[in-house]
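Architecture and fold: a report
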Amino acid sequence: MEVIYRSTRSNSEPVTASQAILKGLSDDGGLFVPDHIPALDKSLSELAGMSYQQVAYEVMKLFLTDFTEEELKNCINNAYDSKFDTEKIAPLVQADDAYYLELFHGSTIAFKDMALSILPHLMITSARKNNIKNEIVILTATSGDTGKAALAGFADVKGTRIIVFYPKNGVSPIQEKQMVTQKGANTFVVGIHGNFDDAQTGVKKIFSDKELAKEMDEKGFQFSSANSINIGRLVPQICYYVYAYAQLLKDGKITEGEKINVVVPTGNFGNILAAFYAKNMGLPIDKLICASNDNKVLYDFFRTGTYDRNREFVLTTSPSMDILISSNLERLIYRIAGNDADKNRELMNALSGNGKYEITEEMKAQLADFYGNFASEAETAAEIRRLYEKCGYVIDTHTAVASAVYGKYVVETGDHKTTVIASTASPFKFTRSVMDAIDIKYDAMGDFELVDELSKIAKVKVPNAIEEIRTAPVLHDTQCDVDKMKDTVKSFLGM
Ligand SMILES: *Cc1c(COP(=O)(O)O)cnc(C)c1O
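Since the structure is predicted, the reported quantities are computational estimates derived from the model, not experimental observations.

Let us look at the UniProt feature "domain: Tryptophan synthase beta chain-like PALP" (unreviewed entry) in the protein chain. Mapped onto this numbering, the UniProt entry annotates "domain: Tryptophan synthase beta chain-like PALP" (unreviewed entry) at residues 101-418. Counting secondary structure, residues 101-418 comes out at 48% helix and 17% strand; the distance between its end C-alpha atoms is 13 Å.

Okay, here's the thing in structure tokens:
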């Protein structure tokens, strides 16, 4: 059955999957959502016999129904190849009493690679299918990891340019170095004087600037998004939950149909929404455990039913989760409002107006699948150290937030179901915070000295993504104020 995509903010004409991927965001500022969640049409035991690429096809074909089999398989094969340092693409590692789903084996060693290695292929295929002649300008706000993964994905892709905005003082030194050393004549990187929410709001504003869109069209350009507001990012993220379940089944860790819990370190709510979609496709997931850092706006929301961004923005050691406006939550709100665009728009207007909204009791009752909690900086560091000392397994700060929250969940509920924790970044991406957590003596070492030390204690080879930037020259040094983002875009495009 065909899946079409509607905006969460108005009842405008629905679009096809390829049109939704091209546009990124709907003209009314809403996010595209599938009109229904398709059910898996292969049994779990059939999926257990499949490779990552095969599972990806079985999931994505159900959402991207206007792609031909050949088009979709081409996209998948071009994405999940030797850019990943393991044939499994997303291996499961058992440590202590949970399974860590390592989503960081792609070229930029964070889970964003899982979707951003395929998005450029979905995008150019969509452009061809819709006879688009304009050059596509990818505009992206990043809290650190999306930026590099999107740059790597789109660098030198014909017919595209990519512009990335990151918070100048809000990313790790390795994250920044990865971005500013990016090669490719079609890549642009800008540090903004503001935080991630400023970057994301600025980008959304540029997207909904109708006058600018017209001017761009005259010059042969059109915008799209590589952020997780793009359905072309969300759909590929569903695949690894299905794959993880299939691997557990294949390895005899669970029986067919047995329910598992999933824990996701959450920022923009994209990754956990993908898990929620997987559950709604029929994957036997029980609880979706939403883990936050000190920016615990989601924890408060699940507890109280009030989403309130009016609070201090805290810079933490898990910067990719330093977010107060979780964009993808809008897709869930729309759904629990009964797919009511007017109701959702009202709430989102309240959010952009006075910074908060409250859902009804009826809506709140539909959030029973979710459990929210958070981990403080001290709890996060203690979890890294605990797991290392107990199992010799080193996790990054984001994964540690999830792992610590999982510990709280088990204590609170006594629920010991088989659990998969999304491991969203390599510890090498956040080396200093990780090593300081293990032993503060490491703080005296230089950035790359620490990398070598981490490799030694974790008995893991230094990933290529890190080797590459040791000596790479800085190629991007643009900075701008938040209110100059539009001018910066225009100057990059020679407008
Ligand atoms: C982006 C990111 C997250 C948050 O994921 P969302 O989909 O935005 O919730 C968590 N951890 C890491 C390492 C990330 O890069």
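One can read the domain layout of the protein chain as domain 1 (5-87 + 111-231) and domain 2 (92-109 + 236-460). Here the C-alpha centroids of domain 1 and domain 2 sit 21 Å apart. Taken residue by residue, the interface counts 62 residues in domain 1 and 54 residues in domain 2. Taking both partners together, domain 1 and domain 2 bury about 4900 Å²; carbon and sulfur atoms supply 60% of that area. When residues of domain 1 are sorted by the area they lose upon contact with domain 2, R9, L44 and F111 head the list and together hold 15% of the total.

For the rest of this paragraph, the subject is the site of the ligand. Around the ligand, the structure places 15 residues, and the nearest of them are K112, D145, G267, N268 and T424. K112 has a polar side-chain atom sitting 2.6 Å from an oxygen atom of the ligand. The contact in question runs from an oxygen atom of the ligand to an N or O atom on the backbone of G270, over 3.2 Å. Within the complex, the protein chains bury 98% of what would otherwise be the 380 Å² of accessible surface of the ligand. Broken down by class, the residue content of the shell around the ligand amounts to 5 nonpolar, 8 polar and 2 charged.

Here we come to the pairing of strand β10 (residues 285-292). With 6 of 8 residues buried, β10 is to be regarded as a mostly interior element. Bridge count between strand β9 (residues 260-265) and β10: 5 bridges; the pairing is parallel. Note on β10: the bridge partner recorded for V264 is C290. Each parallel crossover has a hand, and the one from β9 via helix α12 (residues 270-280) to β10 is right-handed.

With that settled, the discussion passes to the pattern of salt bridges. According to the stated counting rule, one finds 31 salt bridges in the structure shown. The partner of K279 in a salt bridge is D369, and the shortest N-O contact between them spans 3.5 Å. Of this pair, K279 sits in helix α12 while D369 sits in the loop between α16 (361-365) and β13 (370-374), and the two are 90 residues apart along the sequence. The class of K279 is buried, set by a relative accessible area of 17%. Look at the salt bridges and you will find they share partners, linking D41, K42, E58 and K61 into a network.

Quick notes on the rules
Residues numbered from 1 in each chain as written. Predicted model: local features only at pLDDT ≥ 70, side-chain atom pairs only at ≥ 80, totals over all residues. Heavy atoms only, no water. UniProt positions renumbered as here; feature names shortened; annotations may be inferred. Helix = DSSP H or I, 4+ residues; strand = E, 2+ residues; numbered from the N terminus. Domains from an automatic or database assignment. Contact = heavy atoms within 4.5 Å. Buried area = accessible area lost by both parts, 1.4 Å probe. Near = heavy atom within 4 Å. Polar contact = N/O pair within 3.5 Å; in protein donor to acceptor, adjacent residues only side chain to side chain. Areas by Shrake-Rupley, 256 points an atom, 1.4 Å probe, with all protein chains shown as cover. Nonpolar A, V, L, I, M, F, W, Y, C, P; charged D, E, K, R; others polar. Buried < 20%, exposed > 50% of the residue type's maximum accessible area, 1.4 Å probe, protein only. Pairing = 2+ DSSP bridges. Right-handed = clockwise from strand over helix to strand, strands pointing away. Salt bridge = Lys/Arg side-chain N within 4 Å of Asp/Glu carboxyl O.

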